[in-house]
Amino acid sequence: MPATADPATANERLDPQEMVILHRVFRREIPLLADLIEAAAPGDRRRTAVLADHLDLVLGALGEHHEGEDDLLWPKLRERAAPGDDVVARMTDQHEAIAGALATVTELSHRWRTGADGDTAPRLAEALRTLDRHAADHMDDEEKHLLPLMDDHITRREWTEVGERGRRSVPKAKLLIFLGAILEDATARERRLFLSQMPAPARLLWRTLGTRLYDRTVARVRRSETVVPQV
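About the thresholds
Residues numbered from 1 in each chain as written. Predicted model: local features only at pLDDT ≥ 70, side-chain atom pairs only at ≥ 80, totals over all residues. Heavy atoms only, no water. Core = buried A, V, L, I, M, F, W, Y, C linked by side-chain atoms within 4.5 Å. Buried < 20%, exposed > 50% of the residue type's maximum accessible area, 1.4 Å probe, protein only. Helix = DSSP H or I, 4+ residues; strand = E, 2+ residues; numbered from the N terminus. Contact = heavy atoms within 4.5 Å. Axes fitted to C-alpha atoms, helices over the stretch in contact; angles between N-to-C directions. Parallel < 35°, antiparallel > 145°, perpendicular 65-115°, else oblique. Left-handed = near helix turned anticlockwise from the far one by under 90°. Nonpolar A, V, L, I, M, F, W, Y, C, P; charged D, E, K, R; others polar.

**Student:** In this structure, what is going on with the nonpolar core? I would like to understand it.
**Tutor:** The tendency in soluble globular proteins is for nonpolar side chains to be buried as a group. L128 and L131 are the most contacted members of the largest nonpolar core, which totals 48 residues. Secondary structure elements with two or more residues in this core: α1 (17–39), α2 (45–80), α3 (85–115), α4 (120–153), α6 (175–184), α7 (188–196) and α8 (200–222). With sequence-adjacent residues up to four places away left out, L131 is seen in contact with I30, L59, L62, I98, A101, L102 and V105. By size, the runner-up hydrophobic cluster in this structure holds 17 residues, among which are V20, M150, I154 and V162.

The structure is reproduced here in structure tokens:
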């Protein structure tokens, strides 16, 4: 989720690719977590806590991202892009379906965290796959049909407000981890785009602490290793 834009560029046209970059986090993490949860050993409370914590981060970001769009983007698009009303209405309906799937996953995740049982884990994994189908279909539709409307009718400042709202929803201790999740599959240009919007001290914090923190998180969650370039 983008950091606060520089005031001098706040009203420039946004780069719709920013939403595509954010979507990649959900496209990657939701199905991956479904597989990891399904494979977790019943009764392994430590492993359950690791996966449930990471799932909370992903679900919180997804829910807040969609609520930010509902509150801050859709009303503006309805006002400014009347020919696109059907697109915005479809996005709203899709958000409602995702919210329902998200509620189911959240309830099962809390239950699984408490019991670490072998009965809830497969139900949670299946609920995540249902959420993934809803979210993937929505993101495909959004990237194809909504982004052109946003490019024409939403300013960078307005898009930044959505990102700022999402950023505030992420616990401070998890901000560098979520930034790592955003940058993991980003191209070199995309990484420069995101990092350029961050204050210099924050960029330094990412390079000196964030990369190592994210690599440790990935190793703990996936039981594998990854390396996110610094720039």
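**Student:** Any chance you could explain α6 here in plain terms?
**Tutor:** Residues three or four positions apart in an α-helix share a direction because the helix packs 3.6 residues into each turn. Of all 10 residues that make up α6, nine are buried, and the element is covered over most of its length. By the burial criterion, the buried members of α6 are L176, I177, F178, L179, G180, A181, I182, L183 and E184. Next to the buried residues of α6 lie α1, α2, α7 and α8.

**Student:** Quick question: what am I supposed to make of the packing of α2 against helix α5 (residues 156–169) here?
**Tutor:** Each packed pair of helices is defined by two parameters, the angle between the axes and the distance between the axes. Where α2 meets α5, the closest approach of the two axes is 8 Å, and the angle between their N-to-C directions is 160 degrees. Classified by the interaxial angle, the pair formed by α2 and α5 is roughly antiparallel. The chirality of how α2 crosses α5 is right-handed. Each of G60, E64, H65, E67, G68, E69, D71, L72, L73, K76 and R80 in α2 lies in contact with α5, whose residues at this interface are E158, W159, E161, V162, R165, G166 and S169. Its residues placed into classes, the contact of α2 with α5 shows four nonpolar, five polar and nine charged.

By themselves, these are just geometric observations and shouldn't be taken as functional.
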